[in-house]
Amino acid sequence: MSGSPAPDPPDGPGGLVVIVRDDPLASARALADELRADLAIGGEAAEAALARLAPPAAPPPDLDRLGAAMRRAEAVRERTRAAAAAHLARTLNTELAIHPDTLHRAADELLAASAALARAREGRPPAEAVAGRRIRAGGTGGLAASGAAICALG
């Protein structure tokens, strides 16, 4: 690069560093060559360089094609649902319609029963018994505290 090397910054906060170039245009060209960049000198050249760098405008979306794609996706979804329902009906030997929430609830109940079985095999009390004891103990303590407060106010 042309010019003198930058001096060390002064000690302490702030400061001003002045770099003097004998030929700023030559320094700019050398820097652009080092960085393999375009050099734009003047307003028109800068605007032209920015225009070259700007991404091309995206074409507007074709709403008819988008609508057709959505209809195809909905048809695929409906066929998939029908196939899954038919498979489920064949598996269960019935033509019942089973709501997804029913399946979720049954899965939750199965998990809870599995957890209760595991607790029983470990010799621990059921989770409901532990929670009930905590509620009774908290209620008794709260009742005693409120009675003491009433006596103190009286």
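The model shown is predicted, which means the values in this text are computed figures rather than measured ones.

### Describing the overall build of the protein chain
Argument step 1. Assigned secondary structure in the protein chain consists of 5 helices and 0 strands.
Argument step 2. For the protein chain, the α and β elements follow one another from N to C terminus as α-α-α-α-α.
Argument step 3. Taken over 154 residues, the protein chain has a buried fraction of 4%.
Argument step 4. When the accessible surface of the protein chain is split by element, carbon and sulfur atoms take 63% of a total near 13,300 Å².

### Re a nonpolar patch on the surface
Argument step 1. Among the surface-exposed residues, Leu 88, Leu 92, Ile 98 and Leu 103 lie close enough to one another that they form a single nonpolar patch of about 320 Å² accessible area.
Argument step 2. Here Ile 98 is to be found in the loop between helix 3 (63-92) and helix 4 (100-121).

### Some details on the confidence of the model for the protein chain
Argument step 1. Residue-level pLDDT values for the protein chain average 78, and 71% of them are 70 or greater.
Argument step 2. The secondary structure element of the protein chain with the lowest average pLDDT is helix 5 (residues 127-153), at 67, and the one with the highest is helix 3, at 89.

### Digging into helix 4
Argument step 1. An ideal rise of 1.5 Å per residue puts 32 Å on 22 residues; helix 4 measures up with 32 Å between its terminal C-alpha atoms.
Argument step 2. Of the residues flanking the end of helix 4, it is Gly 123, one or two places downstream, whose phi is positive at about 85 degrees.

### As for the pattern of salt bridges
Argument step 1. Taken as a whole and judged by the stated rule, the model has 3 salt bridges.
Argument step 2. Between Arg 52 and Asp 38 there is a salt bridge; the shortest N-O distance is 3.6 Å. Taken together, the residues span a long stretch of sequence, with Arg 52 in helix 2 (residues 43-53) and Asp 38 in the loop between helix 1 (24-35) and helix 2 at a distance of 14 residues. For the pair Arg 52 and Asp 38, a shared accessibility class is recorded, and that class is exposed.
Argument step 3. Each of Arg 77, Glu 78 and Arg 81 takes part in a single network of salt bridges with overlapping partners.

### Considerations on unusual backbone geometry
Argument step 1. In the Ramachandran plot, Arg 36 falls in the positive-phi region, its phi being about 55 degrees despite a non-glycine side chain.
Argument step 2. Relative to the helices and strands, Arg 36 resides in the loop between helix 1 and helix 2.
Argument step 3. Here Arg 36 falls in the exposed class, since its relative accessible area comes to 79%.

### Considering helix 1
Argument step 1. For helix 1, with 12 residues, the first-to-last C-alpha span of 16 Å sits near the 16 Å given by 1.5 Å per residue.
Argument step 2. One or two positions beyond helix 1, positive phi appears at Arg 36, with a value near 55 degrees.

About the criteria used
Residues numbered from 1 in each chain as written. Predicted model: local features only at pLDDT ≥ 70, side-chain atom pairs only at ≥ 80, totals over all residues. Heavy atoms only, no water. Helix = DSSP H or I, 4+ residues; strand = E, 2+ residues; numbered from the N terminus. Buried < 20%, exposed > 50% of the residue type's maximum accessible area, 1.4 Å probe, protein only. Areas by Shrake-Rupley, 256 points an atom, 1.4 Å probe, with all protein chains shown as cover. Patch = residues over 30% accessible without salt bridge, like charges linked within 9 Å, V, L, I, M, F, W, Y side chains within 5 Å. Salt bridge = Lys/Arg side-chain N within 4 Å of Asp/Glu carboxyl O. pLDDT = per-residue confidence, 0-100. Expected span 1.5 Å × (residues − 1).

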